[in-house]
Amino acid sequence: MKDVLASDRAWVGFDLGGTKMNAMLFNDEFEVRGRRRKKSRGSEGVEAGIERIVASIAKLLEEAQLPRESLGGIGIGCPGPLDLEEGVILEAPNLGWKNVPLKKSLEKEFGCPVFVCNDVDAGVYGEYRFGAADGARTALGVFPGTGIGGAMIYEGKIFRGKTGSCLEIGHVPVVPDGALCGCGRRGCLETIASRLALSAEIAKAAYRGQAPYILRVAGTDLANIRSGTIKESIDAGDKIVDEILRNGAQQLGLVLAGAVNLLAPDVIVLGGGLVEALPKLFLEEIGKALAKQVMPSFSKSYEVRIARLGDDAGAMGAAAWARHNVEA
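This one's a predicted model, so the numbers in the text were calculated from it and none came from an experiment.

**Quick word on the packing of helix α4 (residues 119-130) against helix α12 (residues 313-327)**
Next up, step 1: Running from amino to carboxyl end, α4 crosses α12 at an angle of 80 degrees, the nearest separation of the two axes being 7 Å. Judged by the inter-axis angle, α4 sits roughly perpendicular to α12. Only Ala313, Gly314, Met316, Gly317, Ala318, Ala320, Trp321 and His324 of α12 make contact with α4, whose side of the interface consists of Ala122, Gly123, Tyr125, Gly126, Glu127, Arg129 and Phe130.
Next up, step 2: Partitioned by chemical class, the residues of the contact of α4 with α12 number 8 nonpolar, 5 polar and 2 charged.

**Thoughts on helix α8 (residues 227-235)**
Next up, step 1: Every buried residue of α8 is listed here: Ser227, Thr229, Ile230, Ser233 and Ile234. Take α8 and look down its axis: the buried residues cluster within an arc of 165 degrees, on one side only.
Next up, step 2: As for α8, its buried residues are in contact with α6 (195-207), α7 (212-217), α9 (239-263), α10 (273-277) and α11 (279-293).

**Focus on the sheet that holds strand β5 (residues 82-83)**
Next up, step 1: Read across the open sheet, the 3 strands follow the order β5-β6-β7; overall the sheet is antiparallel. Only two strands of the sheet have a single neighbouring strand rather than two, namely β5 and β7 (97-100).
Next up, step 2: Where strand β6 (residues 88-92) and β7 come together, 3 bridges link them in antiparallel fashion. Paired with Glu91 across the strands is Lys98, a residue of β7.

Thresholds applied
Residues numbered from 1 in each chain as written. Predicted model: local features only at pLDDT ≥ 70, side-chain atom pairs only at ≥ 80, totals over all residues. Heavy atoms only, no water. Axes fitted to C-alpha atoms, helices over the stretch in contact; angles between N-to-C directions. Helix = DSSP H or I, 4+ residues; strand = E, 2+ residues; numbered from the N terminus. Parallel < 35°, antiparallel > 145°, perpendicular 65-115°, else oblique. Contact = heavy atoms within 4.5 Å. Nonpolar A, V, L, I, M, F, W, Y, C, P; charged D, E, K, R; others polar. Buried < 20%, exposed > 50% of the residue type's maximum accessible area, 1.4 Å probe, protein only. Arc of directions from axis to C-beta. Pairing = 2+ DSSP bridges.

Now the structure itself:
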């Protein structure tokens, strides 16, 4: 492997989103030359967290028999509000971090450019470069999960605000004075169409005896009502679960219709564990909602696709974004 990589620059992509830290090493042809994945630890402090990131990158280089000097750049996809210009994580609740100068810390450690971006931005950029949105002029990505992440790639670049990321589609208000959202506002899309919101409705149905499969295998504990369990319950004949999922997908589709009217994407990428578990259901219901609400002049201007890269999208996109910025 050392001979293959000897003349190449190396690129590292790191995804801090989700429940696992995912790090990948690429050569100049963007062939995967190493990967490391570890469970995120929300209880660890900033210093310990950065040490784990440094150790993971160092281990990737060691296993590939590469010196640190071969690094062309490092890209890191991070959750939470960010200062993209300074590369600072302003707040990452799942990590317990605030005001972390990640860019500065890693550049000092590895001596190469480091680029911090939103984790959903990184995932959608990965799909644009290597997956479902390849060749798109304007790609809109939406990932229903615990929340609902959104991102857009416009003419090869991540669409963003002046200093931070944007496309918070999960926080589009849809129900006036509706349920309280994790953001502190009421009636956001996340309160009715995220996996967490849908799982809560499914738990209620199980409690009422309307979802016997869920009640038997998961009870009413939201932690046990995962994407795979939801699919299994629909396959087992829990009709109420199928109805809940379709209603949620329709609500997501209505907001996406507004996004099409506003942004005119030519590709819409749907991803996340729930979509991956039930791709046909989401394509059907979102397709119906789009057809109903998109302006006639835009009705044939877009294509809805399922994400292809799975858990690797964020790390791949972060590394590719680092290279894009180095070579810009």
